[in-house]
Amino acid sequence: MTVQPIRLFGDPVLRTPADEVVDFDRELRNLVRDLWDTMRDEGGAGLAAPQLGVGLRVFTYACDGEEGHLVNPVWTSLDEETQEGPEGCLSIPGFSWDCRRHRNVVARGFNEHGEPIEIQGSDLLARCIQHETDHLDGVLFLDRLDDDTRKQAMKEIRQATWFDGAVPTLKQSPHPLFGAR
Ligand SMILES: [Zn+2]
């Protein structure tokens, strides 16, 4: 097992945009394995490299019966449909809040060997792709919540046993609500 500790909300690495992967080497494959093992150990639907303290554009996912990893991902929505539903994050453990996302997306990127791949996802998988790609831009799903929900979320987080009291960095208007198109 190569389970690694997960960085928690308040850690600046979660607010730092990650770099494009340039070298598809053994180090990258080790990172993908660490992401995979840690995600599985925690029972998560997805995990992005910054959550392990690594500033590279890579995430793993396992939801809706689909699983794998994506390097240098770029996603687009397939239509105007949105979904509102509970979302959580391994870096904000123990909580979930309703978050609006696109319902149908396609993500393009590369596998660990540098071969181009494409994932098409709806519902949970689409939510996962958007959530994990946000991590690579230093964006957390808290930033996507409506104002009232975000205030409530921050109140709950401040009382969480794992929260170390560091001044939280919430981006007020980070990016367009719905990423690239
Ligand atoms: Zn997350």
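Calculation criteria
Residues numbered from 1 in each chain as written. Predicted model: local features only at pLDDT ≥ 70, side-chain atom pairs only at ≥ 80, totals over all residues. Heavy atoms only, no water. UniProt positions renumbered as here; feature names shortened; annotations may be inferred. Helix = DSSP H or I, 4+ residues; strand = E, 2+ residues; numbered from the N terminus. Expected span 1.5 Å × (residues − 1). Buried < 20%, exposed > 50% of the residue type's maximum accessible area, 1.4 Å probe, protein only. Donors = N, O, S within 2.8 Å, 3.2 Å for Na, K, Ca; no water. Contact = heavy atoms within 4.5 Å. Core = buried A, V, L, I, M, F, W, Y, C linked by side-chain atoms within 4.5 Å.

- The name an unreviewed UniProt entry assigns to the protein chain is Peptide deformylase, from the organism Actinokineospora diospyrosa.
- UniProt annotates the protein chain under Sequence similarities (unreviewed entry) with the comment "Belongs to the polypeptide deformylase family."
- Checking UniProt for the protein chain, the heading Catalytic activity (unreviewed entry) contains the comment "N-terminal N-formyl-L-methionyl-[peptide] + H2O = N-terminal L-methionyl-[peptide] + formate".

### Examining helix 2 (residues 123–136)
Inference 1: With 14 residues, helix 2 should cover 20 Å at 1.5 Å per step; its first-to-last C-alpha distance of 21 Å lies within 8% of that length.
Inference 2: Taken across its 14 residues, helix 2 has 12 buried, putting it largely inside the fold.
Inference 3: Looking at helix 2, one finds that the buried residues are Leu-125, Ala-126, Arg-127, Cys-128, Ile-129, Gln-130, His-131, Glu-132, Thr-133, Asp-134, His-135 and Leu-136.
Inference 4: Gly-138, located one to two residues past helix 2, shows a positive phi value of around 75°.

### Thoughts on the coordination of the zinc ion
Four donors placed tetrahedrally around a metal ideally meet at 109.5 degrees, and six donors placed octahedrally ideally meet at 90 or 180 degrees.
Inference 1: The coordination sphere of the zinc ion, as far as protein atoms go, consists of Cys-89 (SG), His-131 (NE2) and His-135 (NE2), spread over 2.0 to 2.3 Å.
Inference 2: Along the chain, the residues that donate to the zinc ion are spaced as C-x41-H-x3-H. Taken as a pair, Cys-89 in the loop between strand 4 (82–87) and strand 5 (97–102) and His-135 in helix 2 lie far apart in primary sequence, 46 residues in all. By the burial criterion, Cys-89 is buried, and His-135 matches it.

### Re the UniProt feature "active site" (unreviewed entry) in the protein chain
Inference 1: Residues annotated by UniProt as "active site" (unreviewed entry) correspond here to Glu-132.
Inference 2: Turning to its location among the elements, Glu-132 is positioned in helix 2.
Inference 3: Setting aside residues no more than four positions away along its own chain, Glu-132 makes contact with Gly-46, Leu-47, Ala-48, Gln-51, Phe-59 and Thr-60.

### Some words on the nonpolar core
Inference 1: Counting 16 residues, the largest nonpolar core has Phe-9, Ile-92, Trp-97, Phe-141, Leu-142, Leu-145 and Ile-157 as the members making the most contacts within it.
Inference 2: For this core, the secondary structure elements donating two or more residues are strand 5 and helix 3 (147–158).
Inference 3: It is helix 3 that contributes the most residues to this core, three residues altogether.
Inference 4: If you look at the next biggest cluster of nonpolar residues, it comprises 14 residues, including Tyr-61, Trp-75, Ile-119 and Leu-136.

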